[in-house]
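Fold and contact review
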Amino acid sequence: MLVKTYCAAVNGLDATIITVEVNKSRGVMFHLTGLPDNAVRESRDRIAAALENNGYRFPVAEITINMAPADIRKEGSGYDLPIAIAILACEQKVDSERLGDYIIIGELGLDGRLQPIKGALPIAIMARAEKYKGLIVPKANIREAAVVNNINVYGMENISEVIRFLNGDHAEPEIIDTRKLFFEQQSDYEFDFADVKGQQNVKRAMEVAAAGGHNMIMIGPPGSGKSMLAKRLPSILPPLSLSESLETTQIHSVAGKLNRETSLISQRPFRSPHHTISQVALVGGGSNPQPGEISLAHNGVLFCDELPEFNRSVLEVMRQPLEDRKITISRAKYTIEYPCSFMFVASMNPCPCGYYGDPTHTCVCSPGQIQRYMSKISGPLLDRIDIQCEIQPVAFNDLAKMEPGEPSSAIRERVIAARKIQEERYRAFKGIHCNAQMTERMLHDFAQPDAKSLEMLRMAMERLKLSARAYGRILKVARTIADLAASPEVQLPHIAEAVGYRNLDRGDWAERGL
Ligand SMILES: [Zn+2]
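Structure report, in brief. Residue positions are given per chain, counting from 1 as you read along its sequence in written order. Confidence filtering applies because this is a predicted model: local features only for residues at pLDDT of at least 70, side-chain atom pairs given and counted only at 80 or more, and all residues used for totals across whole chains, interfaces and linings. Side-chain numbers come from the whole structure's heavy atoms, not from hydrogens or water.

1. Overview of the packing of helix 3 (residues 80–90) against helix 6 (residues 159–166)
Operational definition: Comment: axis = line fitted to C-alpha atoms, over the contacting stretch for helices; angle = value between 0 and 180 degrees taken between N-to-C directions. In this description a helix means any DSSP run of H or I spanning at least four residues, a strand means any run of E spanning at least two, and both kinds are numbered starting from the N terminus. In these notes the angle categories are as follows: under 35 degrees is roughly parallel, over 145 is roughly antiparallel, 65 to 115 is roughly perpendicular, and the rest is oblique. For a crossing to be left-handed, the near helix must be turned anticlockwise from the far one by less than a right angle; the clockwise case is right-handed. Between two residues, a contact is recorded if the distance between any of their heavy atoms is within 4.5 Å. By the convention adopted, Pro, Cys, Tyr, Trp, Phe, Met, Ile, Leu, Val and Ala count as nonpolar, Lys, Arg, Asp and Glu as charged, and the other residues, Gly among them, as polar.
The interhelical angle for the contact between helix 3 and helix 6, taken along N-to-C directions, is 55 degrees, at an axis separation of 11 Å. Taken together, the axes of helix 3 and helix 6 lie oblique to each other. Viewed along their axes, helix 3 and helix 6 form a crossing whose handedness is right-handed. Between helix 3, through Leu 81, Ala 84, Ile 85 and Leu 88, and helix 6, the contact on the second element is made entirely by Ile 159, Val 162, Ile 163 and Leu 166. Here the contact of helix 3 with helix 6 is built from residues that sort into eight nonpolar, no polar and no charged.

See below:
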């Protein structure tokens, strides 16, 4: 007897239907064909235990299981449930009539409990597109799968519940009003700029970075609050749109990183990988390909604290995706693509001991040590960072006297207004939404300052010994500052402020190895 069930494989961010065919004939063998990985091969033992512990017997027969199409790799243990159900249908313990209506997926515990799987959201999207009547998933995955409207999603506790349902027991599908939920969850961020006293110049630099989508690096001694400030950056970015939220949620679903209580990610992600991170963990890939940190930060912020501590080769692989806003992972057997459009924020000490140029501490580093430290971050990576900003710790005595900071919501209003101007300006340019994305050519059309400002820029570049690469960056950032001031032209004060965000290009820094 031949029985079919339907499940799915996730490749990249998309799911494909997989048909599980089970045939039972005389004999005692168990065959599994159709490019399964080891976890799938081991499913026989989990299925046998789960069936036995729920009052069913694993058949004494020759069981052949084929998973089609054969050229798609099947990974992980999510196929336990569709295989087990097909075997039970062969044994006439499950009504095979309704099997064609559902996508069934889940890992089996030895006691028959359903364990969560990765990628429930893309699977639900596929099931709806392919017009299945319903989707059966482990209960733990239900909230992320039910984000997709117009398909019935059933979250099941264990295999017995699935059997009863397929044999005709009624079950209520989970229904989530996605839009309502999305807007409900878009409440305030945990970290707010209102908590930050002082640091006006860095806060302003972050506002400019957020307004123009500029990458940014903060340079300052230990304890100056670099990561504390970075954490607050998502709170001043424009709110996520529903479609951005779905994209980001899909990536987190595939990576198995969604909080089980939330179904949609409604705030911009903030990812802060440790400097010991591997190349695969940062950009994605691996033998069972997974999105990396740069994709988990999609539509949000990736923060690299202590940038020079990162392995240089790890940072190098980030260059291309920073430019392309997507990462393509090619292996002998597959090519997949993950989106990764994020704001890159980094921090570093001014020298290995951290106190170079600090008025209250003495730097103990030799010029050679400092040069080696600075040369760890490559020029090409630095080339993709528009805003470089020095930061000093706020003295304790000053803190007590200061007023609380401006709340993030107020800063965000200005950022949103500046972004609106940019959306309008770049409407005719595909893939360009903010000033940071401007090409050289566009700089000439949109960010050209008047003659007086241009002369001032020339003088500043000479006096500060700014490198040539600084020129384009300054114009881009000046454009953003002008947009924040709702000024159609780039004027002198905008240029002057932008010049101030090139700390690392200044002659005194450049001599130190950059
Ligand atoms: Zn030092």
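More follows now that the structure is in view.
2. Brief notes about the coordination of the zinc ion
For a metal with four tetrahedral donors the ideal donor-metal-donor angle is 109.5 degrees, whereas six octahedral donors ideally subtend 90 or 180 degrees. Where we set the bar: Only N, O and S atoms count as donors, using a 2.8 Å cut-off from the metal and 3.2 Å for Na, K and Ca, and because water is excluded some sites may appear unfinished. In this scheme the shape depends on donor count and angles: four donors with every angle between 85 and 135 degrees give tetrahedral, four or six donors with opposite pairs above 155 degrees and others between 65 and 115 give square planar or octahedral in turn, and any other case is irregular. Per-residue accessibility, obtained with a 1.4 Å probe over protein chains only, is compared with the maximum for each type, and a residue is labelled buried under 20%, exposed over 50%, and partly exposed between these values.
Surrounding the zinc ion are the protein donor atoms Cys 351 (SG), Cys 353 (SG), Cys 363 (SG) and Cys 365 (SG), at 2.2 to 2.4 Å. Angles of 105 to 112 degrees at the metal separate the four donor atoms of the zinc ion, which places the site in the tetrahedral class. Going along the chain, you hit the donors of the zinc ion in the pattern C-x1-C-x9-C-x1-C. In this structure Cys 351 comes out as buried when scored by relative accessible area, which is 0%.

3. Some remarks on helix 18 (residues 408–425)
Count 3.6 residues to each turn of an α-helix, and residues three or four apart come out pointing the same way. Put simply, the rule is: Multiply 1.5 Å by the residue count of a helix minus one, and that product is the helix's expected span. Of all possible arcs, the one meant is that of the directions from the helix axis to the C-beta atoms.
Between its first and last C-alpha, helix 18 extends 26 Å over 18 residues, near the 26 Å set by a 1.5 Å rise per residue. For helix 18, every residue scored as buried is listed here: Ser 408, Ile 411, Arg 412, Val 415, Ala 418, Gln 422 and Arg 425. One side of helix 18 holds all its buried residues, which, seen down the axis, span an arc of 130 degrees. Residues of helix 18 that are exposed and point over 90 degrees away from its buried face: Glu 413 and Lys 420. Close packing links the buried residues of helix 18 with helix 8 (200–212), helix 19 (440–446) and helix 21 (469–484).

4. Topic: the pairing of strand 4 (residues 62–68)
Note the following rule: Strand pairing is assigned whenever DSSP detects at least two bridges linking the two strands.
Burial along strand 4 is one-sided: the residues Ile 63, Ile 65 and Met 67 are buried and none of Glu 62, Thr 64, Asn 66 and Ala 68 is. Across seven bridges, the pairing between strand 2 (residues 14–25) and strand 4 is antiparallel. When the sheet's bridge partners are listed, Val 20 is paired in strand 4 with Met 67.

5. Describing the packing of aromatic side chains
The cut-off we apply is this: Only centres within 6.5 Å qualify two rings of Phe, Tyr or Trp (six-membered ring in Trp) as a pair; their planes then separate them into stacked at under 30 degrees, edge-to-face at over 60, and tilted for everything else.
Using the criterion set out here, one finds eight aromatic pairs in the structure. Note on Tyr 6 and Tyr 132: the rings are 6.1 Å apart at their centroids and 50 degrees apart in plane angle, and the pair reads as tilted. Residue Tyr 6 is located in strand 1 (residues 2–11), and its partner Tyr 132 is located in the loop between helix 4 (120–129) and strand 8 (134–138); the two are separated by 126 residues in the primary sequence. In this structure, Tyr 6 and Tyr 132 share a single accessibility class: buried. Measuring from centroid to centroid gives 4.6 Å for Tyr 154 and Phe 165, while their planes differ by 40 degrees, and the two rings are tilted. Remark: Phe 165 occurs in helix 6 and Tyr 154 occurs in strand 9 (residues 152–156); sequence separation between them is eleven residues.

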